[in-house]
Each structure stands twice: as structure tokens, then as C-alpha cells.
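Observations on the three-dimensional arrangement
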Amino acid sequence: MAVIGEAELKQQLKTGDYAGAYFIFGEESYLKEFYISKLKSKLVDEAFADFNLHQHEGKDSSIDDILMDASMLPMMSERSLVIAHDYPFDKTSDEEKLEEYLKDSPETSVLVFWYDSIEVDIKRVKKWGRISKLFEKYGCSVALEKRSEGELAKLIINSAKKRGCNIDRVCASYLISVVGNDIQTIFNELEKICSFVSEGDITRKEIDELAVKSLQARVYDLSKFILKGNGDGAYGVLTALFAQKEEVIRIFSVLASCYVDMYRVKCARQAGISDSEIASVFGYKGREFLIRNAARDGSYMSIEALRQALDLLSEADEKLKSTGIDDKLVLEETVAKLLIMRNR
């Protein structure tokens, strides 16, 4: 079986056709926690949770302890559930013991390894690739990635409706661009806006007044002022970011990514590549608004000018990482140079 996604896992939960073992990873923390909670509610009777639910945390448990619990018979239930969170698999013997268990796993238990604080890259890190293959062969390897902007917009519209409010597709997409594509953050901000609006319509006005902008959105405002040659606006945003104690390196990283987005999208569109292909190849799923923003803002500069801006940003990155110059000074100087380049 190949790596499955959210739709397949949801179907298993709906039909009760569970795998004997799951390896759950991916970018979307909210979805991972949501489906772990679903597995608990579906498989474990609260009255017998002390006997049939076994939870292990990272390095606090050994693979032997985890697999021992998974081998125990459930009490007054069809299955027991064993959950191991962020288990590191540091030892080769861990993988060997897991494979031995999976080859002949009991039908009376469901074993789940899920990862949140540990990054799992099954394509680039051989260890995780091997672990994923084991679960693909004997159970399910589940990648819970970011939802697309369209899926998030639909989620926002439905969630607002449940709270008695209305929001259209355009405003839902705008909310994503303001607060980011993390589902839990979206829910938090939407809850706040709906409480204020009560049973009315949510417009850009309410979003601008009530939603807390993500760092990416605030730095995007900075880049917009730079691209329009507005020094007062740019330094106003920069001063506010400094006052809010944002790390200079994070501000710089997001600013550089704005220029990378513009260059990437401008080159791709000139080559006749569609926005959906750009989103797929360069990982913009759930952040498709960045493609639209980059295409619009990139119109202020030629490809050659964008290349020069990227060279300037690369030099600034080297200064930040290899010299003792004050980080804020380096960032302020970089913004000044980008403004001069734009006004030329």
C-alpha cells in the first residue's frame, strides 16, 4: 500500500476498517491531533481506558515497552489502542523489533506511531523512509499535509456558518492570507471574529480590525511598501516589527522569501507554467495566495532587477551569519538598498 492521506484515513474511521498499525506524520499539527483523538474515541471505551489505551511519549519509553503493550489482549473490548508519540527510532534494533512485530501483529490491537515535534521526511531521511515502508507493507503510512487554499476556504465558510455567521469565498481566502494556513490558528481567529460579528456577515473590514496578522503577512506589508518605493511605510512596518520583539533573522527570512516567490512565479509564468503546477512543484499548497501576490507584486520589477535584489539579499544573509554587525542595522541597510533599487 502506498502512503495514504486524510481522505483514506477518514474513510477507514467511517467504515471501521482499521489497519493494525499506523505511522502518522506531516505538516499539519491540528489534523494529526484531530485524527489521534478520533482513533481514541472510536476504538476505546472510556470505562476501560485504563486497560485498553496505552500512551507512550518519545524517549520516555523503549520499543520493547511499546510492543509489549501492543501484544496484550484488550479487556471487555474488541481492540486495544497503543499510541507512541515522537518515538525517535535511534537504534537499528528498534526497526528490527518493529518489523518482527508487524509481520505477525495481533488483530486485537491497533498500534500508532505519530510525530509532531520531530520532523519526518520520508523522501530525504533514509531512516524515516524505511519506517514508512514497513507501515506501508504491514499497516498504513499516513501523511497529513496542509490543505489547499480552496479546502481551507470551504472549511472557514462552513465553520462560520455553524457559528451563525456568513463569510464569502473571497473573504475566506483573505483571512488565510492574513493569519496563515495553520488550521488551529484559523479556527482561533475565526472564533474571535464570529463572537464580535454575532450573526452577521464577515467582511475584510472585520478581518483587518480583529485578526492578528501572521509574521508572514506583516513582512508582506513591508515588501509591498518597498516595491512601491514607499520608504516611510516600509520603515514604519520595520519599526513595529522590532517593537514587537520579532527576531531579525525571521523577518529577513520572510522578506527574502517574498522576493524568491516573485522571481519563481515570474519565471514560471513566462515559461507557460500554470499556477497549479507552480503550487505543486514548489510546495505552495494551502498558500496559493502567495502565487497571486507574487505575480501582482512582481510586475513592479523586471526579472533582471529581481535577480539583483536576490543577490543583495544573499549578501545580507552572509553578513547576518558571519559578521558581528548588529542584525537590526543589517536589515535596515538591506531595506534601504532595496528601496534605492526599486526607485531606480
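This text gives an overview of the structure that appears in the document. Here the structure is a predicted model, which means the values were calculated and not measured. Chains are numbered independently. Their residues run from 1 in the order of the written sequence. Only residues with pLDDT of at least 70 are given local features in this predicted model, and only at 80 or more are side-chain atom pairs given and counted; all residues enter the totals for whole chains, interfaces and linings. Only hydrogens and water are removed before side-chain values are computed, so all heavy atoms of the structure are retained for them.

1. Observations concerning the pattern of salt bridges
- Any Lys or Arg side-chain nitrogen found within 4 Å of a carboxyl oxygen on Asp or Glu counts as a salt bridge. For the structure on display, the rule yields 21 salt bridges.
- Notably, a salt bridge pairs Lys146 with Glu28, separated by 3.4 Å at the nearest N-O pair. Of this pair, Lys146 sits in the loop between β5 (140–143) and α7 (149–162) while Glu28 sits in the loop between β1 (21–25) and α2 (29–43); the two residues are 118 residues apart in sequence, bridging distant segments of the chain.
- Only protein chains enter the area calculation, which uses a 1.4 Å probe; residues under 20% of their type maximum are buried, those over 50% are exposed, and those in between are partly exposed. Relative accessible area serves as the criterion here: at 15%, Lys146 is assigned to the buried category.
- Here the residues in one salt-bridge network are Glu28, Lys146 and Asp182, joined through shared partners. Runs of H or I in DSSP of at least four residues are treated as helices and runs of E of at least two as strands, each being numbered from the N terminus.

2. Digging into the packing of helix α11 (residues 215–227) against helix α12 (residues 231–243)
- To get an axis, fit a line to the C-alpha atoms, keeping to the stretch in contact for a helix; angles then go from 0 to 180 degrees between the N-to-C directions. Closest axis-to-axis distance for the α11/α12 pair is 7 Å, and the angle between their directions is 155°. Relative to α12, the element α11 is oriented roughly antiparallel. For the pair α11 and α12, the sense of crossing is left-handed. Here Leu215, Arg218, Val219, Asp221, Leu222, Phe225 and Ile226 of α11 come into contact with α12, specifically with Gly233, Ala234, Val237, Leu238 and Leu241.
- For the contact of α11 with α12, the per-class residue count stands at nine nonpolar, one polar and two charged. By definition in this entry, angles of less than 35 degrees are roughly parallel, angles greater than 145 are roughly antiparallel, angles of 65 to 115 are roughly perpendicular, and the rest are oblique. For a crossing to be left-handed, the near helix must be turned anticlockwise from the far one by less than a right angle; the clockwise case is right-handed. Whether two residues are in contact is decided by their heavy atoms, any of which lying within 4.5 Å being enough. Polar here means any residue outside two lists: the nonpolar Ala, Val, Leu, Ile, Met, Phe, Trp, Tyr, Cys and Pro, and the charged Asp, Glu, Lys and Arg; Gly therefore counts as polar.

3. Description of the pairing of strand β4 (residues 109–114)
- Extensive coverage of β4 is indicated by the burial of six of its six residues.
- Along β4, one buried face is formed by Ser109, Leu111 and Phe113 and the opposite face, lined by Val110, Val112 and Trp114, is buried too.
- For β1 and β4, the ladder comprises four bridges, and the chain directions are parallel. Bridge pairing in β4 links Phe23 to Phe113.
- Here the rule is simple: two strands pair whenever DSSP picks up at least two bridges between them. In this structure, strand β3 (residues 80–85) lies alongside β4, joined through six bridges in parallel fashion.

4. Quick word on the pairing of β5
- Burial along β5 is two-sided: the residues Cys140 and Val142 and Ser141 and Ala143 are all buried.
- One ladder, built from four bridges, connects β1 with β5; its direction is parallel. Paired with Phe23 across the two strands is Ser141, which belongs to β5.

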